[in-house]
Protein chains: 2
Amino acid sequence: MTTLPTEIERKFLVNHAAWAAAGQPEGQLLSQGYLSQDPERTVRIRLQGDEAWITVKGQVQGLTRAEFEYAIPPGDAAQMLETLTLSALSKRRTRVFVGAHVWDVDVFLGSLTGLILAEVELSSEDEPFVRPEWLGQEVSHDPRYFNSALARSGVIPDKAT
Amino acid sequence: MTTLPTEIERKFLVNHAAWAAAGQPEGQLLSQGYLSQDPERTVRIRLQGDEAWITVKGQVQGLTRAEFEYAIPPGDAAQMLETLTLSALSKRRTRVFVGAHVWDVDVFLGSLTGLILAEVELSSEDEPFVRPEWLGQEVSHDPRYFNSALARSGVIPDKAT
């Protein structure tokens, strides 16, 4: 069992032109897909660079969620993502340090090409942070941008600003 | 990818009284359950003695079926079997040598208590073998005794002879 992180995650669209102008590196390729999307027993395959994992999660119960994660050979993960998984998606993730915070900027690929999202972890919903110049509209509470919704629909809800 | 075994498996009911009289050991506890029963991407948790595995299988295509198996901590498997999996079943498996062949005798537990099945692997459907004294009626081709059917229904189709 692992307890849910108490950190708050805020999620934003990214201005494409400003992001390109920032000249950040291309980021690490991250692909994931599901063998089970049953919320009571999800099974996810994730491939990131030359590491890969199979992750089993139970339903959220109170503040905890059962989670079991095992490293697996990346070649196995690539084969499962190509032939077996549901809702596979790929993105390039770049880690950017801005002021006191770390941003994960995800440039989506495949059917989600054109979507760029930035996430930051804060210790509370109203913790102040420096806005990077490429930051667009906040979508933290927009269910269309939840990871599960993006994985399921595979289409961009709204082009980034 | 692994190729399907070319061996033929024959399955029989077991006569309870004759099995008890044979005085075989109790056998190793084997529990399994599924995180996904989707035939295109099954995910099975199996706990046998102090070893455990998570196994992913794709759909049978021609003579092959994609299969990926990873050893996992037995404590994790026990927890998943108790709280997360579908169609969990437990049995005690005893390996019995009779003539030139090896029999796996499964004494089912839980909701399948009362069912005892014996399986033997042969190199062809008509390979001769010595019938152990406890062997009952053959159910190799009876879909009610397929592993998948037993796992799904969790009830005994017919009491053993």
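Residues numbered from 1 in each chain as written. Chains lettered and ligands numbered in written order. Predicted model: local features only at pLDDT ≥ 70, side-chain atom pairs only at ≥ 80, totals over all residues. Heavy atoms only, no water.

### Quick look at the overall build of chain A
Piece 1. The number of helices and strands found in chain A is three helices and 11 strands.
Piece 2. Helices and strands appear in chain A in the N-to-C order β-β-α-β-β-β-β-β-α-β-β-β-β-α.
Piece 3. Relative to its length of 161 residues, chain A is compact, with a C-alpha radius of gyration of 16 Å against a globular reference of 15 Å.
Piece 4. Taking the principal axes of the C-alpha coordinates as reference, chain A spans close to 40 × 35 × 25 Å. (Helix = DSSP H or I, 4+ residues; strand = E, 2+ residues; numbered from the N terminus. Rg over C-alpha atoms; globule rule 2.2 N^0.38 Å.)

### Considering the UniProt feature "active site" (unreviewed entry) in chain A
Piece 1. Taken from the UniProt record, the annotation "active site" (unreviewed entry) applies to Tyr-34 of chain A.
Piece 2. Looking at where Tyr-34 of chain A falls in the secondary structure, it is placed in strand 3 (residues 28–36).
Piece 3. Excluding residues that lie within four positions of it along the chain, Tyr-34 of chain A makes contacts with Thr-42, Val-43, Arg-44, Thr-85, Leu-86 and Ser-87 of chain A together with Arg-41 of chain B. (UniProt positions renumbered as here; feature names shortened; annotations may be inferred. Contact = heavy atoms within 4.5 Å.)

### Observations concerning the relation of the copies chain B and chain A
Piece 1. Mapping chain B onto chain A calls for a rotation angle of 180 degrees and an axial translation of 0.0 Å; the resulting RMSD is 0.0 Å. The transformation just described matches what one would write down for a two-fold rotation axis. Of every C-alpha in chain B, the one belonging to Ser-36 of chain B sits nearest the axis of rotation, 2.9 Å from it.
Piece 2. Counting the interface residues of chain B, we find that 100% of their copies in chain A are interface residues as well, pointing to one common contact surface. (Least-squares fit on C-alpha atoms with pLDDT ≥ 70 in both.)

### Describing the interface of chain B and chain A
Piece 1. Taken together, the contact pairs 20 residues of chain B with 20 residues of chain A.
Piece 2. Of the roughly 1800 Å² buried at the junction of chain B and chain A (both faces included), carbon and sulfur atoms supply 71%.
Piece 3. Among the residues chain B hides against chain A, the three largest losses belong to Arg-41, Tyr-70 and Leu-84 of chain B. Together they make up 33% of the total.
Piece 4. One can count zero salt bridges joining chain B with chain A.
Piece 5. Counting the contacts that link chain B with chain A gives four residue pairs in polar contact (both at pLDDT 80 or more).
Piece 6. Listing elements by their share of the side of chain B that touches chain A, those giving two or more residues are strand 3 (28–36), strand 4 (41–48), strand 5 (51–58), strand 7 (67–71) and helix 2 (74–83) of chain B. (Buried area = accessible area lost by both parts, 1.4 Å probe. Salt bridge = Lys/Arg side-chain N within 4 Å of Asp/Glu carboxyl O. Polar contact = N/O pair within 3.5 Å; in protein donor to acceptor, adjacent residues only side chain to side chain.)

### Side note on the environment of Asn-147 of chain A
Residues and elements named next belong to chain A.
Piece 1. Note that Asn-147 resides in helix 3 (residues 147–153).
Piece 2. Separated by 44 residues in sequence, Asn-147 and Trp-103 place their C-alpha atoms 16 Å apart.
Piece 3. Aside from chain neighbours lying at most four places away, what touches Asn-147 is Lys-11 and Glu-119.

### Describing the confidence of the model for chain A
Piece 1. The predicted model of chain A has a mean per-residue pLDDT of 89, with 93% of residues at 70 or higher.
Piece 2. Both confidence scores are given for the complex: pTM 0.74, ipTM 0.73. (pLDDT = per-residue confidence, 0-100.)

### Remarks on the side chain of Asp-106 of chain A
Residue and element names in this part refer to chain A.
Piece 1. You can see Asp-106 is positioned in strand 9 (residues 101–108).
Piece 2. A polar atom in the side chain of Asp-106 sits 3.3 Å from the side chain of Lys-91.
Piece 3. In this structure the side chain of Asp-106 is engaged in a polar contact, spanning 2.8 Å, whose partner is the side chain of Arg-93.
Piece 4. Ignoring any residue separated from it by four or fewer positions in sequence, one finds Asp-106 in contact with Lys-91, Arg-92, Arg-93, Leu-115, Ile-116 and Leu-117.

### Digging into the pattern of salt bridges
Piece 1. Evaluated as defined, the whole model comprises 24 salt bridges over all chains.
Piece 2. For Glu-138 of chain A, the salt bridge goes to Arg-10 of chain A, with nearest N and O atoms at 2.6 Å. Separated by 128 residues along the polypeptide, Glu-138 of chain A in strand 11 (residues 135–138) and Arg-10 of chain A in strand 2 (residues 8–14) bring together distant segments of the chain.
Piece 3. Ionic pairing is found between Lys-91 of chain B and Asp-106 of chain B, a salt bridge with its closest N-O pair at 3.3 Å. Here Lys-91 of chain B is found in strand 8 (residues 86–98), whereas its partner Asp-106 of chain B is found in strand 9 (residues 101–108), with 15 residues between them in sequence. Across the pair, Asp-106 of chain B and Lys-91 of chain B agree in class, each one buried. (Buried < 20%, exposed > 50% of the residue type's maximum accessible area, 1.4 Å probe, protein only.)

### So, unusual backbone geometry
Piece 1. Phi angles above zero are rare outside glycine, and Ser-87 of chain A is one such case at about 55 degrees.
Piece 2. Take Ser-87 of chain A: it is sitting in strand 8 (residues 86–98).

### What about the side chain of Arg-41 of chain A?
Piece 1. Note on placement: Arg-41 of chain A falls in strand 4 (residues 41–48).
Piece 2. With relative accessibility at 8%, the residue Arg-41 of chain A sits in the buried group.
Piece 3. A distance of 2.6 Å separates a polar atom in the side chain of Arg-41 of chain A from a polar atom in the side chain of Asp-38 of chain A.
Piece 4. Once residues within four sequence positions are removed from consideration, Arg-41 of chain A is found in contact with Ser-36 and Lys-57 of chain A together with Tyr-34, Leu-35, Leu-84, Thr-85 and Leu-86 of chain B.

### Observations regarding the sheet that holds strand 11 of chain A
Residues and elements named next belong to chain A.
Piece 1. Here we have nine strands laid out as an open sheet, ordered 7-5-4-3-8-9-10-2-11, and antiparallel in their pairing. Bordering the open sheet on either side are strand 7 (67–71) and strand 11, each of which pairs with just one other strand. Sheet twist, expressed as the average angle between the axes of neighbouring strands with direction ignored, equals 30 degrees.
Piece 2. Of the strand pairs in this sheet, strand 3 and strand 8 are connected by six bridges, and their pairing is antiparallel. Bridge pairing in strand 8 links Leu-29 to Arg-92.
Piece 3. Contacts from helix 2 (residues 74–83) reach strand 3, strand 4, strand 5 (51–58) and strand 8 within the one sheet, and its direction differs from that of strand 4 by about 120 degrees. (Pairing = 2+ DSSP bridges. Axes fitted to C-alpha atoms, helices over the stretch in contact; angles between N-to-C directions.)

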